[in-house]
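Each chain, letter by letter, is given below.
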Amino acid sequence: MTQTAKANGPEPTTQELKILVADDSAIYRKLVEHTLSDDNHNVIFAKNGREALDLYAKHAPALVITDWTMPDITGLELCQKIRKDFKQHFAHIILLTSNTNKEQVVEGLAAVADDYLTKPFHQGELRARVNVGLRVVELHRQVQAKNRQLEEMALTDPLTGLSNRRAIDIWITRQLSAAARHDFTIWVAICDLDHFKKVNDTYGHDAGDTVLKAFAEVLKNNTRQSNICGRQGGEEFLAIITHVERDNSIIAFERIRKQIEEQKFNINTQNFSVTTSIGVAGFRGTRPPAFADLLASADAALYSAKHKGRNRIEYAEK
């Protein structure tokens, strides 16, 4: 049974959060429904603990109001299962109990619940505690969202939006171990924009930023979701691809080289283009190398590409 509100509910930030009520007493379910009927809450009712678990799995409600004593699964057991089996979701749990033994109530709160009310409860107090609980949940979600944003920022190059070196280090460590375990190839390419200092000196640093972002788009558009590309620093980028043989890797990196070469830039009525040199090192075997060693090999290949005239791809010697 779902109930949608009337007016005068909590702030808009809490209006879409669901509440699960678990009680084997039809009278108390009706009483809770009546208590919350004037607020803008989305309430789901369960007649027992097992039904409550099923509804929790389906709806991931923000707040749970459960009776302590139920015939199949007690309120405490329900709370324990929610905490154990649904760790990815945060729920504020309120226990309703006829138990007047404060020590047992405190024990229950310490174990699993966040709040409690003694039956028979005061309707205004339940309404107030529900609204407080929903505000706690909303605050928790805001903190989680902020933490995700901070984590993303810590792994992202702010100019181009690509992965930064830290993010690549985390990714490649897992991939090198997987490549050794499952016998697939990894190709690490260092892409360096040719004569980039001349772009900055001639057209200005804003033009240089435009070129960097354009090259980032080329890399992004030519990188599968299962692979990674990122900015190592300055005008140097990394592109790492897996599960392809050498000939196919050449095709992939050549596409990147050609697309940036063909792109035209117009800054203050001045037209120009840029090129990139690419050095590539590969791994396939049973003992994964250190990422630093692969980078050193790719860097040596990049130096060779620069020495041979730039705007080309060179592979490291094995």
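This text goes with the structure placed above it.
Residues numbered from 1 in each chain as written. Predicted model: local features only at pLDDT ≥ 70, side-chain atom pairs only at ≥ 80, totals over all residues. Heavy atoms only, no water.

Looking at this model, I keep getting lost on the pairing of strand β2 (residues 18-22). Mind explaining?
With four of its five residues buried, β2 lies for the most part within the structure. With five bridges connecting them, β2 and strand β3 (residues 42-46) associate as parallel partners. Across the sheet, the residue bridging to Ala22 is Ala46, located in β3. Note on the crossover from β2 through helix α1 (residues 26-36) to β3: the handedness is right-handed. Inspection of the sheet shows β2 paired to strand β4 (residues 63-67) by four bridges, in the parallel sense. Following the sheet pairing, Ala22 is matched in β4 by Thr66. (Buried < 20%, exposed > 50% of the residue type's maximum accessible area, 1.4 Å probe, protein only. Helix = DSSP H or I, 4+ residues; strand = E, 2+ residues; numbered from the N terminus. Pairing = 2+ DSSP bridges. Right-handed = clockwise from strand over helix to strand, strands pointing away.)

Explain the nonpolar core to me, please; I cannot follow it from the model alone.
Looking at soluble globular proteins, one finds that nonpolar side chains tend to be buried together. Counting 32 residues, the largest nonpolar core has Leu193, Leu219, Phe237 and Phe253 as its most contacted members. Secondary structure elements with two or more residues in this core: β7 (186-193), α7 (196-203), α8 (205-221), β9 (236-242), α9 (246-262), β10 (265-267), β12 (276-283) and β13 (313-315). For this core, the element with the most residues is α8, which contributes eight residues. The next biggest cluster of nonpolar side chains, apart from the first, holds 24 residues, and it includes Ala22, Ile44, Met70 and Tyr116. (Core = buried A, V, L, I, M, F, W, Y, C linked by side-chain atoms within 4.5 Å.)

Looking at this model, I keep getting lost on the pattern of salt bridges. Mind explaining?
Two side chains of opposite charge can pair, provided their charged atoms sit close to one another. Throughout the structure, instances matching the rule amount to 18 salt bridges. A salt bridge links Arg129 to Glu125; its shortest N-O distance comes to 2.6 Å. Residue Arg129 and its partner Glu125 are both found in helix α5 (residues 123-154); the two are separated by four residues, about one turn of the helix. The salt bridge involving Arg165 is made with Asp169; its shortest N-O contact spans 2.8 Å. (Salt bridge = Lys/Arg side-chain N within 4 Å of Asp/Glu carboxyl O.)

Whenever I open this one, helix α3 (residues 75-85) confuses me. Can you help?
Within α3, burial applies to Gly75, Leu76, Leu78, Cys79 and Ile82. Looking straight down α3, one finds that the buried residues subtend no more than 160° of arc, so they occupy a single side. (Arc of directions from axis to C-beta.)

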